[in-house]
Amino acid sequence: MSLWRLFILNLIFMLLILNNAFASKEPIKIGAILSITGPASFIGEPEKNTILLLAEQINKAGGINGRPLEVLIEDSKSEETQAVLSAKKLIEKDKVVAIIGPSTTGESMALIPIVTQAKIPMISLAAGTGITEPVSERYWIFKTAQYDRSAVEAIYKYMQKKGIKKVGILTIATGFGDQGRKALLELAPKFGITIVADERYKPKDSDMTVQLLKAKNAGAEAIINWSVGPEQIIVTKNWHALKMGIPLFQSHGWGSKKNLQLAGPAAEGVIAPLGRIVIWDKLPDKHPQKKILKSFEESYMAKYKSEPGTFGGHAYDAFMMVVEALKKVGPDPAKIRDYVENNIKNWPGISGIFNISPKDHCGLDATSFEMVIVQKGDWEILQ
Amino acid sequence: MELFLQFFFSGLTVGAIYALIALGFNIIYNTTSILNLAQGEFVVLGGLLMWYFLEKIHLPYGVSIILTLGISGLVGLAMERLSIRPLLKTADPLLLILITIAFSILLRGILMFLFGKEPYGYPPISEGAPLIIGGAIIQRQVLWIFLFVLFTMLFLYIFFNRTIFGIAMKACAIDSLSATLLGINTSQMVMVSFILSGIFASLAGVLVTPITFVEYDKGPLLTIKGFTAAILGGLGSNWGVMAGGFLLGILESLIAGYIHSGLKDALALLLLLSMLLFKPAGLFQSSEQARLRKL
Amino acid sequence: MKRFLHNHYFHSLVLFSSILLLGFAIRDPYFTTILVFAGLNALSALGLSLLMGLAGQISLGQNGFYGLGAYISAILSLNLQIPVPLAVLMSAVLSSSLSVFLAIPALRLKGHYLAVATLGFGEIVYLLLNEWGPGGPSGFGNIPKFTMGDIALENPLSYLILVWAIFSAFFTLAQNLAQSSYGKTLQALHSSEIALRTLGVNILSLKVKIFILGSFLTSLSGALYAHFVTFLSPASFSVFYSVLLLMMVMLGGINTLWGAPVGALFITFLPETLRPFKEYDILIYGLILTASLIFLRKGIIHFLKQGIRK
């Protein structure tokens, strides 16, 4: 009896899996693994929108050398098991020629052995240093998000100029916050800065007054908060309510007008290192990034009625690198990899001007950030 | 002292939120002995609907609240009809709890579909700078929440002890068979309790959102915290679960302030659990009371 | 012959060989990977199924054991260079011996209190992995692959064999246990705890033993997970995993141990088949779960049995 039960089950599962295995193979397929749901969905959502927008634009313009582009976007649910399954599906079932993503460092790290074994280039959208270093062991891996340490360097340089020496840091207990925390702790001595308080909070916590007060009581002359999503607005509101009298710095995840709307007057005076996508209209016309920033921002706004922000920019850069490679060398994973490694030089993207080389698979540094302050509900570049 | 007071107020703020959710658990538990683990999703639903009426189509505050509560009550009704009713007669309690989890996943999906993944917020009931008491600050909205918690307690007390309908509902929880024999329509009572609890949870969401913001996937965390508070305080007793909520919030805040902010959730939980081992019927009721409440 | 057909050694063998056959027939690493995860989930679910079906106890803290099993084994093999198979075994033993400290006090509690005590345990482990685990919330990688002697289990197919072989072994064991007088006593627990107590049976000790066995299986599954994915972060060990296991056991069928593998296969494959729906899969997923709990209330196994009888 149980034999029959098993056969029936097997049959059902086989059918489920095989149902769409016989799709047409005409278009060029690239894959994207993004944290569309789960704790990191604040990052994955604009990335997904960006890729859909770009794919549509490219196909409208006739595709790549006459062939349409098909992007398969998988939701990794911000979690490694799902990321691994997504990668296996994209590589083995869909036979994609390149993978964009994942959105977070942890998921990217989990995929390194898989894409390396399958010999498929992967352009991660996450910031962690370990994703592309050591480069000798990351032959197939690139990334388009600035290193966390670049954002930290930008903040610390500014503090050095202002004579701030004692800092209290607040970080969220997720991969994003943790990477920031490690960079903050590691780089502080180099800039003559002491971390006097190292406070943490959990995703979806509702009040950070305690952490802020502890930092101030430890003698901090400034607060740095590292998180994305509603928590960073709550920190801003608590900071404002406490009338702390010391400046609040946020991470590069702060760059969304939505944050300014929700925080209201509490956001006045908050400083953060932001990618240029946020302040493109304030750049001088001759800035090499201005043209693409403008066209990207405007087309994204037209389609989604919201801003792409820093994270949409990461997806833009990764996608355009793959598209450029496809146009030049065709849908061959190894050739795409070689192209990205050797031909992305002085390449103006959304996140900065890329210089990728066999020694650096990211190609961005601290100059890709501008220090930005909130004034009258809008961004202002700090000189 | 000032510092302690501030930590304490911060704990009260968080605790009030937990207490609200814990009370929501009680409404359904008291009439049906079911634990509704979709409670957090109803809180989120309240916040999101309120945002929609207030900020998107610009209705007045009062009208928005009434519409929000009305719709949430209907969702509570839908939940009872679609998921609880078909199982009520045959299934064991575990299945009933699991079905509420399954429904919470479904509700979360619908909320994501309708509102997307962004955080939302709107102004508090009374705007203005936070109040300063003894050098420590407390947000005005928190006072509204306290007021609402007290109102809920009073309402539940009067409803379950002074109205025929409420007494009938209580009878169903204690012994549904005898209640049926006495001519009480048991399944109608279950329906009413789900509607009531949906309304209360969404009102909690309406009040909490100006402080914490709301996004579609905030529910599970709220459920876990409220669930822990409710059971530790002593499920069944309104005073108990309310105290459980405040205690959890204050403990977390004091641990974050005086010990370690990274360990606050773990230590608070550990402390409460070890207390539970000495008072297995909940911290704020004796085992006699728990037995009378038919655990 | 007929007796042999109804023998559970034979059942396990059929299950094992049909999974293998499926793996070899399809030969698609994506499909095989799903089967590996299904096997890991089945092993975890078997632990919970024993606890729920035999001892009538609920646990919402299995994610704690899953996480402990994974982290301990990864640390043992990565930092102390202990060979992987030994590390896996040590980790399962270590983590399940920790379960004694939870089991003895917690199993005195009943119903909802037991649920919250185990939930609390799982949450605490999860929070501590975030705080003290190597790499913190970002996790850590470079965990050695599973190697037996000189053979490294590199491809999913070899891992598939390993995981399902281990599952089948414990599955047979669990079925023997359920048939034994020991198991019968435990099942009697559901109906009358007082009657058993008057007969002088030490109920607590029975429950504790089952609890330890259950947590051993879940820890073992966690350890095997670590060496398959080779990267760990706390995100995989949140309370959602425990809820998922609960769904597997209930959907598969709580009255039979077969519920564990069948429920695990169902719950593991369901989101994969929903991939074409993109992020809205959560909507359909919720709908299917709600519907299956209502219509298959006694479990898939029961449903299939009925279907075949008709």
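Everything numeric in this text was worked out from a predicted model, so none of it was measured.

Enquirer: It is not clear to me how the overall build of chain C should be interpreted in this structure. Could you clarify?
Expert: Check the secondary structure of chain C and you find 14 helices and two strands. Against the 2.2 N^0.38 benchmark of 19 Å for 310 residues, chain C shows a C-alpha radius of gyration of 19 Å, consistent with a compact globule. Contacts in chain C between residues far apart in sequence, at least 24 positions, make up 79% of those at least 6 positions apart. When the accessible surface of chain C is split by element, carbon and sulfur atoms take 67% of a total near 11,500 Å². Across chain C, the 17 positively charged side chains and the 9 negatively charged ones have centroids separated by 22 Å.

Enquirer: Would you mind showing me how to read the packing of helix α9 (residues 219–233) of chain B against helix α6 (residues 111–132) of chain C here?
Expert: When two helices pack together, you describe them by how their axes are tilted relative to each other and by the distance separating the axes. With their axes 10 Å apart at the nearest point, α9 of chain B and α6 of chain C run at an angle of 130° to one another. One way to sum up the angle between α9 of chain B and α6 of chain C is to call them oblique. Note on packing geometry: the crossing formed by α9 of chain B with α6 of chain C is left-handed. Note on element contacts: α6 of chain C touches α9 of chain B through His-112, Tyr-113, Val-116, Leu-119 and Glu-123 of chain C, opposite Ile-224, Phe-227, Thr-228 and Ile-231 of chain B. Taken together, the residues of the contact of α9 of chain B with α6 of chain C sort by class into six nonpolar, two polar and one charged.

Enquirer: Sorry, what's going on with the side chain of Ser-261 of chain B here?
Expert: On the secondary structure map, Ser-261 of chain B appears in the loop between α10 (238–258) and α11 (264–278). For Ser-261 of chain B, the side chain forms a polar contact with the side chain of Glu-199 of chain A, separated by 2.5 Å. Discounting residues that sit within four places of it in the chain, Ser-261 of chain B has contacts with Glu-199, Arg-200, Lys-202, Gln-211 and Lys-214 of chain A together with Ala-256 of chain B.

Enquirer: Hey, could you run me through the packing of aromatic side chains in this one?
Expert: Aromatic rings in a pair are described by how distant their centres are and how their planes are angled relative to each other. Overall, the coordinates contain 40 aromatic pairs over all chains when judged by the stated rule. Consider the rings of Phe-25 of chain B and Phe-227 of chain B, whose centres lie 6.0 Å apart with planes at 50°: the pair is tilted. Placement of the pair is Phe-25 of chain B in helix α1 (residues 2–32) and Phe-227 of chain B in helix α9, with a sequence separation of 202 residues. Take Phe-25 of chain B: its relative accessible area is 0%, and that puts it in the buried class. Given a relative accessible area of 4%, Phe-227 of chain B falls into the buried group. Pairing Tyr-66 of chain C with Tyr-225 of chain C gives two aromatic rings, centres 5.7 Å apart and planes at 45°, and the pair type is tilted. Here the residue Tyr-66 of chain C occupies a position in helix α4 (residues 62–79), and Tyr-225 of chain C occupies one in helix α10 (residues 203–229), the gap between them amounting to 159 residues.

Enquirer: Sorry, what's going on with the interface of chain A and chain C here?
Expert: Many analyses report the size of an interface as the accessible area lost when the parts associate. At the junction of the two partners, chain A supplies 44 residues and chain C supplies 44 residues. Carbon and sulfur atoms supply 68% of the area that chain A and chain C bury against each other, a total of about 4,100 Å² over both sides. Taken together, chain A and chain C are joined by two salt bridges. At the boundary of chain A with chain C, the tally comes to 11 residue pairs in polar contact (both at pLDDT 80 or more). Where the side of chain A that touches chain C is concerned, the elements lending two or more residues are α1 (2–18), α2 (41–60), β2 (69–75), α3 (80–93), α4 (105–118) and α6 (175–187) of chain A.

Enquirer: Would you mind going over empty space enclosed by the protein with me for this structure?
Expert: Vacant regions in the atomic arrangement are exposed by a probe of water-molecule size rolled over the atoms. Inspection of every chain in the model, using the stated rule, returns nine cavities of 30 Å³ or more. Estimated volume of the second largest cavity: approximately 220 Å³. What lines the second largest cavity is a set of 26 residues, among which Asp-205, Ser-206 and Asp-207 of chain A together with Val-14 and Tyr-18 of chain B lie closest to the centre. Of all elements in the fold, only α7 (209–217) of chain A together with α1, α8 (186–212), α9 and α10 of chain B reach the threshold of two or more residues within the lining of the second largest cavity. A breakdown of the residues in the lining of the second largest cavity according to their chemical character gives 11 nonpolar, eight polar and seven charged.

Enquirer: Help me understand helix α2 (residues 39–56) of chain B in this model?
Expert: Within an α-helix, residues lying three or four positions from one another point in the same direction, as the helix has 3.6 residues per turn. Along its 18 residues, α2 of chain B runs 25 Å from first to last C-alpha, staying within 8% of the 26 Å computed at 1.5 Å per residue. His-58 of chain B sits one or two positions beyond α2 of chain B and adopts a positive phi of about 55°.

Enquirer: Is there a simple way to think about the nonpolar core in this case?
Expert: Nonpolar side chains in soluble globular proteins generally cluster together in the buried interior. Residues and elements named next belong to chain C. Membership of the largest hydrophobic core comes to 239 residues, with the highest contact counts inside it found for Tyr-159, Trp-164, Leu-224 and Leu-232. Per-element tally for this core: the top contributor is helix α3 (residues 29–54), with 17 residues. Once you skip the residues sitting within four places of it in the chain, Leu-232 turns out to touch Ala-70, Tyr-71, Ala-74, Gly-139, Phe-140, Ile-143, Tyr-225, Ala-226 and Phe-237.

What counts as what
Along each chain, residues carry numbers from 1 onward, in the same order as the chain's sequence is written. Numbering of ligands from 1 and lettering of chains from A proceed in the order in which they are written. Whole-chain, interface and lining totals are the exception, using all residues; otherwise, since this is a predicted model, local features are given only for residues with pLDDT of at least 70 and side-chain atom pairs are given and counted only at 80 or more. Excluding hydrogens and water, the side-chain values take into account all heavy atoms of the structure. Secondary structure elements follow DSSP: runs of H or I no shorter than four residues count as helices, runs of E no shorter than two count as strands, and numbering proceeds from the N terminus. In this treatment the radius of gyration is a C-alpha quantity, and the globule benchmark scales as 2.2 Å times the residue count to the 0.38 power. In this description, contact between two residues means that some pair of their heavy atoms is separated by no more than 4.5 Å. Note on areas: Shrake-Rupley, 1.4 Å probe, and residue coverage restricted to the protein chains presented here. When charges are counted, Lys and Arg contribute as positive and Asp and Glu as negative, whereas His and the chain ends are disregarded. Where a charge sits is defined by one atom per residue type, namely NZ (Lys), CZ (Arg), CG (Asp) or CD (Glu). Here an axis means a line fitted to C-alpha atoms, over the contact stretch when the element is a helix, while the angle between two N-to-C directions is reported on a 0 to 180 degree scale. If an angle is under 35 degrees, it is roughly parallel; if it is over 145, roughly antiparallel; if it lies from 65 to 115, roughly perpendicular; otherwise it is oblique. It is the rotation of the near helix from the far one that decides the hand of a crossing: anticlockwise by less than a right angle makes it left-handed, clockwise makes it right-handed. Amino acids are sorted into nonpolar (Ala, Val, Leu, Ile, Met, Phe, Trp, Tyr, Cys and Pro), charged (Asp, Glu, Lys and Arg) and polar (every other residue, Gly among them). Polar contacts, as used here, are pairs of N or O atoms within 3.5 Å; protein pairs need one atom able to donate a hydrogen and one able to accept it. Residues neighboring in sequence count only if both atoms are side-chain atoms. Working definition: a ring pair exists when centres of Phe, Tyr or Trp rings (six-membered ring for Trp) sit within 6.5 Å. Plane angles under 30 degrees give stacked, over 60 give edge-to-face, the rest tilted. Burial classification: accessible surface area is computed with a 1.4 Å probe over protein chains only, and a residue below 20% of its type maximum counts as buried, one above 50% as exposed, and the rest as partly exposed. Accessible area that two parts lose when put together, evaluated with a 1.4 Å probe and summed over both, is termed the buried area. Salt bridges are defined as contacts in which a side-chain nitrogen from Lys or Arg sits within 4 Å of a carboxyl oxygen from Asp or Glu. A 1.4 Å probe that fits but cannot get out identifies a cavity on a 1 Å grid over protein atoms alone, an open set with protein on both sides within 12 Å along at least five of seven lines counts as a pocket, and a residue lines either if it has an atom within 4 Å of a point. Grid points are joined across faces, edges and corners, and a volume is the space filled by probe spheres set on the points. The span you would expect from a helix comes to 1.5 Å times its residue count less one. Nonpolar cores are built from buried Ala, Val, Leu, Ile, Met, Phe, Trp, Tyr and Cys residues. Side-chain atoms within 4.5 Å join them into one set.

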